Each structure stands twice: as structure tokens, then as C-alpha cells.
Amino acid sequence: MNRNGLSVVIGALAAIARAVSYRLSQARQKANGIEINVGKGGVSTEKKQMSV
């Protein structure tokens, strides 16, 4: 494999690693705030905290 092909492979692997790490970081994040649910039993609220 020549240098150009090797550069393309390394670039593709770097892009994949970056995309995977971004998706994992987004999946770990939880929203802070209050969740409000309206159902048959009425209105309920629940405090949400970010977990690491």
C-alpha cells in the first residue's frame, strides 16, 4: 500500500473514532431539570439530575 492509501485509511479510522466517541458522550449525558408528566392520575413532577 502506498502512502496515499495509508493516509486515507488512517484518516478514515480517525473519523470513525471521533464519531464513536461523540455518540458515547451524547449517550452519557442526562438532562438536568424537572420532568413533568400528565397522565390519567393527574400531573406529576420529578427532579432530574445529571449523572456522570
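The preceding data block contains the structure.
What counts, and where the lines are drawn
- Residues numbered from 1 in each chain as written.
- Predicted model: local features only at pLDDT ≥ 70, side-chain atom pairs only at ≥ 80, totals over all residues.
- Heavy atoms only, no water.
- Helix = DSSP H or I, 4+ residues; strand = E, 2+ residues; numbered from the N terminus.
- Buried < 20%, exposed > 50% of the residue type's maximum accessible area, 1.4 Å probe, protein only.
- Areas by Shrake-Rupley, 256 points an atom, 1.4 Å probe, with all protein chains shown as cover.
- Pairing = 2+ DSSP bridges.
- Contact = heavy atoms within 4.5 Å.

Caption draft 1: Main features of the overall build of the chain. Assigned secondary structure in the chain consists of 1 helix and 2 strands. Traced from its N-terminal end to its C-terminal end, the chain shows the element sequence α-β-β. Burial statistics for the chain: of 52 residues in total, 0% are counted as buried. Put simply, the chain shows about 5100 Å² of open surface, and 58% of that area lies on carbon and sulfur atoms.

Caption draft 2: Fine view of the pairing of strand β1 (residues 33-39). With 7 bridges joining them, β1 and strand β2 (residues 42-48) adopt antiparallel strand pairing. Bridging across to β2, isoleucine 36 finds its partner in threonine 45.

Caption draft 3: Layout of the environment of valine 43. Counting through the fold element by element, valine 43 comes out in strand β2. Residue classification places valine 43 among the exposed residues on the basis of a relative accessible area of 63%. Sequence-distant contacts of valine 43, defined by excluding residues within four places in its chain, comprise Ile36, Asn37 and Val38.

So yeah, pure geometry; function would need other evidence.
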